[in-house]
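# Notes for the structure review
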Amino acid sequence: MLRFVTGNEGKVREAQDFLDEAVQQFEYDYPEIQSTDLGAIAAHGAREAYREVDAPVVVEDSGLFVDALDGFPGPYSAYVEDTLGIERVWNAVEPEDDHTGRFRSLIAYCDGTDLNAPTVHEGTPPVAIFEGRVEGAIVPPRGEGGFGYDPIFEVDGRTFAEMTAAEKNELSHRGRALDAFAAWYEP
Ligand code: ITT
């Protein structure tokens, strides 16, 4: 059984769709570091969580990077969603601005051993890192599905909030990071 350390049960549901092994949500409020590097944040979280549970853990850190706002909210996406809200992020993009942006997802896996993965965040213990990205356009909010910034992120004419969960999983940053993790991971 693989423990996914998160307060967000949507992340666990998505992970279960990609992995044969049972995935269980584990809520542990580890101290999150401040960094502009999502991989470093996820790796730190995985290390802290591994020390707590003493069993294999997965942590995911994600965010929306808006080009017209120099990558904001990026690593601060959760805080900005809770404070400003997604409508004000959309409003910060001027009509004449470039409307491109991307979601990024960094998955960090730690089981206390040396890991033979393509990307390893060195430290004690080492942490394997898998990234997924999806390019899109920042648009006025549309759609009822999904969560977070989904209503203002459009791919091929539809926002993530206008897609089914399966359609979003096929394209999404988290889906791509989970694909990369699942291809490497052997329980
Ligand atoms: P944990 O840290 O407990 O795992 P969280 O929801 O706080 O859960 P993050 O710290 O990784 O997750 O913050 C990610 C932010 O990016 C948060 O505001 C999400 O709503 C947003 N986000 C991430 N993936 C998203 C997606 O697929 N669709 C919409 N918004 C997303």
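What you see is a predicted model, and the numbers here were worked out from it, not measured in a lab.

Conventions adopted
Residues numbered from 1 in each chain as written. Predicted model: local features only at pLDDT ≥ 70, side-chain atom pairs only at ≥ 80, totals over all residues. Heavy atoms only, no water. Helix = DSSP H or I, 4+ residues; strand = E, 2+ residues; numbered from the N terminus. Rg over C-alpha atoms; globule rule 2.2 N^0.38 Å. Contact = heavy atoms within 4.5 Å. Areas by Shrake-Rupley, 256 points an atom, 1.4 Å probe, with all protein chains shown as cover. Buried < 20%, exposed > 50% of the residue type's maximum accessible area, 1.4 Å probe, protein only. Pairing = 2+ DSSP bridges. Expected span 1.5 Å × (residues − 1). Near = heavy atom within 4 Å. Polar contact = N/O pair within 3.5 Å; in protein donor to acceptor, adjacent residues only side chain to side chain. Nonpolar A, V, L, I, M, F, W, Y, C, P; charged D, E, K, R; others polar. Salt bridge = Lys/Arg side-chain N within 4 Å of Asp/Glu carboxyl O. Phe/Tyr/Trp six-rings, centres within 6.5 Å; stacked < 30°, edge-to-face > 60°. Core = buried A, V, L, I, M, F, W, Y, C linked by side-chain atoms within 4.5 Å.

## A short note on the overall build of the protein chain
- Helices and strands together make up the secondary structure of the protein chain, namely six helices and eight strands.
- Its helices and strands in sequence order give the protein chain the pattern β-α-β-α-β-α-α-β-β-β-β-β-α-α, from N to C terminus.
- The C-alpha atoms of the protein chain give 16 Å as radius of gyration, which agrees with the globular expectation for 187 residues (16 Å, within 12%).
- C-alpha extents for the protein chain along the principal axes are approximately 50 × 30 × 30 Å.
- For the protein chain, long-range pairs separated by at least 24 residues make up 57% of all intrachain contacts whose partners lie at least 6 apart in sequence.
- For the protein chain, the computed accessible surface area is about 9,300 Å², with 45% contributed by carbon and sulfur atoms.

## Some words on the pairing of strand β3 (residues 57-66)
- Most of β3 is tucked away, with nine of its 10 residues classed as buried.
- In the sheet, strand β1 (residues 2-5) pairs with β3 via two bridges, with the strands oriented parallel. Opposite R3, over in β3, you have V57 as the bridge partner.

## Examining helix α6 (residues 173-184)
- A rise of 1.5 Å per residue sets the reference length of α6, with its 12 residues, at 16 Å; its end C-alpha atoms lie 17 Å apart and thus fit the reference within 8%.
- Among all positions in α6, only H173, R174, G175, A177, L178 and F181 are buried.
- Tucked inside the fold, the buried residues of α6 contact β1, α1 (9-18), β3, β4 (100-110), β6 (127-138) and α5 (165-171).

## Quick look at the site of the ligand
- If you check the shell around the ligand, you find 19 residues, and the closest are T6, E81, D150, K168 and R174.
- Here E81 contributes a side-chain N or O atom positioned 2.6 Å from an oxygen atom of the ligand.
- The contact in question runs from a nitrogen atom of the ligand to an N or O atom on the side chain of H173, over 3.1 Å.
- For the ligand, the accessible surface in isolation is 620 Å², of which the surrounding protein chains cover 86%.
- Classifying every residue of the shell around the ligand by side-chain character gives four nonpolar, eight polar and seven charged.

## Focus on the pattern of salt bridges
- Using the criterion set out here, one finds 13 salt bridges in the structure.
- Linking E14 and R174 is a salt bridge whose minimum nitrogen-to-oxygen distance equals 2.9 Å. Here R174 lies in helix α6 and E14 lies in helix α1, a separation of 160 residues in the sequence.
- Its relative accessible area of 11% is what places E14 among the buried residues.
- Given a relative accessible area of 2%, R174 falls into the buried group.
- Between R102 and D67 there is a salt bridge, with its nearest N and O atoms 3.0 Å apart. Taken together, the positions of R102 in strand β4 and D67 in the loop between β3 and α3 (77-83) put the pair 35 residues apart, joining distant regions of the chain.
- Here R102 falls in the buried class, since its relative accessible area comes to 15%.

## Let's talk about the packing of aromatic side chains
- Inspection of every chain in the model, using the stated rule, returns 11 aromatic pairs.
- On the basis of an interplanar angle of 40 degrees and a centroid distance of 5.6 Å, the ring pair of Y109 and F181 is categorised as tilted. Placement of Y109 in strand β4 and of F181 in helix α6 is noted, with a sequence separation of 72 residues between them.
- A relative accessible area of 1% means that F181 is categorised as buried.

## Let's talk about the nonpolar core
- Formed by 19 residues in total, the largest nonpolar core has its most connected members in V57 and V127.
- Taken together, the elements giving at least two residues each to this core come down to α2 (38-53), β3, β4 and β6.
- When residues of this core are assigned to their parent elements, the largest contribution, eight residues, is made by α2.
- When sequence neighbours within four positions are dropped, the list of residues in contact with V127 reads A43, A46, R47, A108, Y109, C110, L115, T119, V120 and H121.

Limitation: the analysis is restricted to geometry and does not speak to function.
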